[in-house]
Amino acid sequence: MNKRTVLGFLLACSLAQPVLAAGSEPAVAPEVSPPGDIPDNQAFVIYKSPAGFSIKVPEGWARKDAPNQTIYSDKYNRISLTVTDVAVPVDMAYAKSVLVPEVESIGRASSVTKVSRVKLKAGATVKIAFDSNSEPNAVTNKQVREENERFYFAKGGKLVTLQLSAPKGADNVDQWKLISSSFRWN
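Quantities reported herein were computed from a predicted structural model and do not represent experimental measurements. (Residues numbered from 1 in each chain as written. Predicted model: local features only at pLDDT ≥ 70, side-chain atom pairs only at ≥ 80, totals over all residues. Heavy atoms only, no water.)

### Concerning the overall build of the protein
In step 1: On a plain count of helices and strands, the protein comes out with three helices and 10 strands.
In step 2: Counting from the amino terminus, helix and strand elements in the protein follow one another as α-β-β-β-β-β-α-β-β-β-β-α-β.
In step 3: Burial analysis of the protein (186 residues in total) assigns 38% to the buried set.
In step 4: Pairs at least 24 residues apart make up 51% of the contacts formed inside the protein by residues separated by at least 6 positions.
In step 5: In the structure as shown, the protein presents an accessible area of about 11,000 Å², 55% of it carried by carbon and sulfur atoms. (Helix = DSSP H or I, 4+ residues; strand = E, 2+ residues; numbered from the N terminus. Buried < 20%, exposed > 50% of the residue type's maximum accessible area, 1.4 Å probe, protein only. Contact = heavy atoms within 4.5 Å. Areas by Shrake-Rupley, 256 points an atom, 1.4 Å probe, with all protein chains shown as cover.)

### Considering the confidence of the model for the protein
In step 1: Looking at the protein, pLDDT values average 87 and 86% of them are 70 or higher.
In step 2: Between residues 3–23, whose pLDDT stays under 50, and residues either more than four places distant or in other chains, the model counts four contacts. (pLDDT = per-residue confidence, 0-100.)

### Regarding the sheet that holds strand β10 (residues 184–185)
In step 1: Read across the open sheet, the three strands follow the order β1-β2-β10; overall the sheet is antiparallel. The open sheet has two free edges, formed respectively by β1 (44–49) and β10, since each of these has just one partner strand.
In step 2: Examined bridge by bridge, β1 and strand β2 (residues 53–58) share six bridges and lie antiparallel to one another. By the bridge assignment for β2, phenylalanine 44 is matched with proline 58.
In step 3: Along the sheet, helix α3 (residues 173–181) makes contact with β1, β2 and β10, crossing β2 at roughly 160°. (Pairing = 2+ DSSP bridges. Axes fitted to C-alpha atoms, helices over the stretch in contact; angles between N-to-C directions.)

### Observations concerning the side chain of asparagine 148
In step 1: Tracing the backbone shows asparagine 148 in strand β8 (residues 145–155).
In step 2: Reaching out from asparagine 148, the side chain makes a polar contact with the side chain of serine 132 at a distance of 3.0 Å.
In step 3: Polar contacts involving the side chain of asparagine 148 include one to the side chain of serine 165, which spans 2.5 Å.
In step 4: Those residues within four positions of asparagine 148 in sequence are excluded, and the remaining contacts are Ile128, Ala129, Phe130, Asp131, Ser132, Gln163, Leu164, Ser165 and Trp176. (Polar contact = N/O pair within 3.5 Å; in protein donor to acceptor, adjacent residues only side chain to side chain.)

### Details of the environment of threonine 125
In step 1: Take threonine 125: it is sitting in strand β7 (residues 123–133).
In step 2: For threonine 125, a relative accessible area of 1% gives the class buried.
In step 3: Expressed as a C-alpha distance, the spacing of threonine 125 and valine 90, which sit 35 residues apart in the sequence, is 7.7 Å.
In step 4: From its side chain, threonine 125 meets the backbone oxygen of tyrosine 152 in a polar contact 2.2 Å long.

### Focus on the pattern of salt bridges
In step 1: For the coordinates displayed, the defined rule picks out seven salt bridges.
In step 2: The shortest N-O distance in the salt bridge between arginine 63 and aspartate 65 comes to 3.1 Å.
In step 3: The partly exposed category is assigned to arginine 63, whose relative accessible area is 47%.
In step 4: On the basis of relative accessible area, aspartate 65 is assigned to the partly exposed category, the value being 47%.
In step 5: Linking lysine 75 and aspartate 74 is a salt bridge whose minimum nitrogen-to-oxygen distance equals 3.7 Å.
In step 6: Lysine 75 sits in the exposed class, given a relative accessible area of 72%. (Salt bridge = Lys/Arg side-chain N within 4 Å of Asp/Glu carboxyl O.)

### Observations concerning the sheet that holds β7
Paired through their backbone hydrogen bonds, the strands of a sheet run either parallel or antiparallel.
In step 1: One open sheet holds the seven strands; their spatial order is β3-β4-β5-β9-β8-β7-β6, and the pairing between them is antiparallel. Here the strands that pair on one side only, and so sit at the sheet edges, are β3 (62–66) and β6 (111–120). Neighbour-to-neighbour, the strand axes of this sheet turn through a mean angle of 15°, independent of strand direction.
In step 2: Bridge count for β3 against strand β4 (residues 69–74) is five bridges, and the pairing is antiparallel. Bridging across to β4, lysine 64 finds its partner in isoleucine 71.
In step 3: Running at roughly 140° to β6, helix α2 (residues 92–104) makes contact with β6, β7 and β8 of the sheet.
In step 4: Against the sheet, α3 makes contact with β5 (77–85), β6, β8 and β9 (158–167), and its axis sits at roughly 170° relative to β9, the strand it touches most.

Printed below as a string of structure tokens:
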């Protein structure tokens, strides 16, 4: 190839790329047949946190502990438990003024789909449903579009954020309900 052909090719490639605002990324298209269904026969075990709560998690999933956070994962499925302090009531007003902007600022093409107050066995809590892109795969750099649900459990100045994530379209409704409903303060 001569210099003119190479320059023409490079110009065409640069024009074909979408122009994005700094720090943003486009939403990844959901897969037609998404991976990530948690099997109906999945066994669950109880995770007892040193932070004073317990919850059921899928048996055999990889676990990663960090200060104030525990993550369980299997392929593109993920359960994240984050513990922070909170000095105000976690109600719908707080959710809309603080938590929704936090979710929207994640930076992975996040889009909030629903904010609601739900009653679970551990008490009333705020639930934020949203779609986002996954982190790029470390080997392939591939991303998938994910659906997420965040539950905010507050008690005694402590806030536990439970985030459930899976490829968009995966059928995890029953398993996510089992997990979120199993949350208990010790």
